[in-house]
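# Overview (structure and organization)
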Amino acid sequence: MHSIIYQISTEPINENDYLDIHHIVAGETASISYVYENSEDGRKVDIRFLLEYILPKGMFTKTDEKTLTYNGGFTIWRKSHFDNLKAISATLTPANVMKWNGPSSQLKKAIINPLGVDALFVTEFYGGAGTAERSADLMDIIARLKKGDMLYIGAILGYHN
């Protein structure tokens, strides 16, 4: 499976700190076989994809090629996410709690990847190295944003697992 790794921060990202394809580690819930560079045109497409299909609708506006402005809306999204977790939990029974792809598995997936996407996110990095994780860490960062705050986009890389 092919997808994208986004390097995202609440602080501007110096190009010296852009992720290097040889220094990305798969987080506990991610699987990466190899990472590859992205073209400038690919980067533009991937930023548009991030805004239109990955992040909750209307939550961010593209300011420039490296910056997104937070428009608000996390509280509404969080309620929807909570309702989803509650609905999954309601289907748990003693008979299905150990099923491989049953409600327990679906609940775990919803918690570690609340956006339900294949993209990975590196939100902590130094000197081109970082750990790629599912969307829970990103949403935790977004939870602390105030309307008008910025998210900064560093490297955007492809990966395959």
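Definitions and limits used
Residues numbered from 1 in each chain as written. Predicted model: local features only at pLDDT ≥ 70, side-chain atom pairs only at ≥ 80, totals over all residues. Heavy atoms only, no water. Axes fitted to C-alpha atoms, helices over the stretch in contact; angles between N-to-C directions. Helix = DSSP H or I, 4+ residues; strand = E, 2+ residues; numbered from the N terminus. Parallel < 35°, antiparallel > 145°, perpendicular 65-115°, else oblique. Left-handed = near helix turned anticlockwise from the far one by under 90°. Contact = heavy atoms within 4.5 Å. Expected span 1.5 Å × (residues − 1). Buried < 20%, exposed > 50% of the residue type's maximum accessible area, 1.4 Å probe, protein only. Arc of directions from axis to C-beta. Pairing = 2+ DSSP bridges. Phe/Tyr/Trp six-rings, centres within 6.5 Å; stacked < 30°, edge-to-face > 60°. Core = buried A, V, L, I, M, F, W, Y, C linked by side-chain atoms within 4.5 Å.

Let us now look at the packing of helix α2 (residues 74–90) against helix α3 (residues 103–112). Between α2 and α3, the shortest axis-to-axis distance is 9 Å and the interhelical angle comes to 165°. Classified by the interaxial angle, the pair formed by α2 and α3 is roughly antiparallel. As α2 packs across α3, the resulting crossing turns out to be left-handed. Of the residues in α3, those in contact with His 81, Asn 84, Leu 85, Ile 88 and Ser 89 of α2 are Pro 103, Gln 106, Leu 107, Ala 110 and Ile 111.

What follows is about α2. The terminal C-alpha atoms of α2, which comprises 17 residues, lie 24 Å apart, in line with the 24 Å expected from a rise of 1.5 Å per residue. Of all the residues in α2, the buried ones are Phe 74, Trp 77, His 81, Leu 85 and Ile 88. Take α2 and look down its axis: the buried residues cluster within an arc of 75°, on one side only. Of the residues in α2, the exposed ones pointing more than 90 degrees away from the buried face are Thr 75, Ile 76, Lys 86 and Ala 90. In this fold, the buried residues of α2 make contact with β5 (67–70), α3 and α4 (136–143).

With that settled, the discussion passes to the pairing of strand β4 (residues 60–64). Here β4 pairs with β5 via four bridges, running antiparallel. Bridge pairing in β5 places Thr 61 opposite Thr 69. Here β4 hands over to β5 after two residues, the two strands then running antiparallel side by side.

The strand order across the open sheet formed by three strands is β2-β8-β7, and the pairing between neighbours is mixed. Edge strands, defined here as strands with exactly one partner in the open sheet, are β2 (24–26) and β7 (125–126). Bridge analysis of β2 against strand β8 (residues 129–132) gives three bridges, and the strand direction is parallel. In the sheet register, Ile 24 faces β8, and the bridge partner there is Gly 130.

All chains considered together, the criterion is met by five aromatic pairs. Aromatic side chains Phe 49 and Tyr 53 sit 5.0 Å apart centroid to centroid with 35° between the ring planes, which places their arrangement in the tilted category. One end of the pair, Phe 49, and the other, Tyr 53, are both in helix α1 (residues 40–54), four residues apart, so they sit about a helical turn from each other.

Our focus in this paragraph is the nonpolar core. A general tendency of soluble globular proteins is for nonpolar side chains to be buried together. Counting residues in each nonpolar core, the largest one holds 26 residues, and the members touching the most others are Tyr 6, Leu 50, Phe 60, Phe 121, Ile 142 and Leu 151. Setting aside chain neighbours within four positions, we find Ile 142 in contact with Leu 55, Met 59, Phe 60, Tyr 70, Phe 74 and Leu 151. Counting 14 residues, the second-largest nonpolar core is a separate cluster that includes Ile 5, Val 35, Ala 132 and Ala 155.

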